[in-house]
Amino acid sequence: MFYDHHFIGMHWIWWLIVVGIILLVVFNVIPYRSKTELEENAMEILKKRFARGEIEREEFEERKKILKQSN
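Quick notes on the rules
Residues numbered from 1 in each chain as written. Predicted model: local features only at pLDDT ≥ 70, side-chain atom pairs only at ≥ 80, totals over all residues. Heavy atoms only, no water. Helix = DSSP H or I, 4+ residues; strand = E, 2+ residues; numbered from the N terminus. Areas by Shrake-Rupley, 256 points an atom, 1.4 Å probe, with all protein chains shown as cover. Polar contact = N/O pair within 3.5 Å; in protein donor to acceptor, adjacent residues only side chain to side chain. Phe/Tyr/Trp six-rings, centres within 6.5 Å; stacked < 30°, edge-to-face > 60°. pLDDT = per-residue confidence, 0-100. Salt bridge = Lys/Arg side-chain N within 4 Å of Asp/Glu carboxyl O. Buried < 20%, exposed > 50% of the residue type's maximum accessible area, 1.4 Å probe, protein only. Patch = residues over 30% accessible without salt bridge, like charges linked within 9 Å, V, L, I, M, F, W, Y side chains within 5 Å.

Enquirer: Report on the overall build of the protein, specifying residues and quantitative values.
Expert: Each helix and strand in the protein was counted, giving three helices and zero strands. Reading the secondary structure of the protein in the N-to-C direction produces α-α-α. Carbon together with sulfur atoms contributes 65% to the accessible area of the protein, which is approximately 6800 Å² in total.

Enquirer: Please provide a residue-by-residue account of the environment of Glu54, values included.
Expert: Mapped onto the elements of the fold, Glu54 is located in the loop between helix H2 (35-51) and helix H3 (57-69). Of note is the side chain of Glu54, whose polar atom sits 2.9 Å from the side chain of Arg52.

Enquirer: Tell me about the packing of aromatic side chains, and please be specific about residues and values.
Expert: Summed over the entire model, instances satisfying the criterion amount to one aromatic pair. With a centroid separation of 4.6 Å and an interplanar angle of 20°, the aromatic rings of Phe50 and Phe60 are classed as stacked. With Phe50 in helix H2 and Phe60 in helix H3, this residue pair connects regions lying 10 residues apart in the sequence.

Enquirer: Explain the confidence of the model for the protein to me, and be specific about the residues and the numbers.
Expert: When the pLDDT values of the protein are averaged, the result is 79; 68% of them are 70 or greater. Averaged pLDDT values for the elements of the protein fall to 79 in H2 and rise to 92 in H3.

Enquirer: Lay out the pattern of salt bridges in plain terms, naming residues and giving numbers.
Expert: When the charged atoms of two side chains lie near each other, side chains of opposite charge can form a pair. Summed over all chains, the structure comprises three salt bridges. For Arg49, the salt bridge is made with Glu54, and the minimal N-O distance between the two is 3.1 Å. The salt bridge involving Arg63 is made with Glu59; its shortest N-O contact spans 2.6 Å. Taken together, the residues span about one helical turn, with Arg63 and Glu59 both in helix H3 at a distance of four residues. Look at Arg63 and you get partly exposed, because its relative accessible area is 35%.

Enquirer: Could you give an account of a nonpolar patch on the surface, with specific residues and numbers?
Expert: Among the surface-exposed residues, Trp12, Trp15, Val18, Val19, Ile22, Leu23, Val26 and Phe27 lie close enough to one another that they form a single nonpolar patch of about 850 Å² accessible area. As for its position among the elements, Val26 is in helix H1 (residues 8-26). Taking the relative accessible area as the measure of exposure, Val26 reaches 58% and is therefore exposed.

Here's what the structure looks like:
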């Protein structure tokens, strides 16, 4: 009744979509970054800028405080 020749292909299309999404997630093609990972990167960038002399100590301390408050 529902499985006449018009609906046979639709079943395989949905399985291909599901398997494709699973493969994308497993092989990390879809980028995922947690909030803590981004905050650590921001702190590392701030430390590097301070070490290179791009920012003053006061600015470093102020931005460090802002980053810690955003948790």
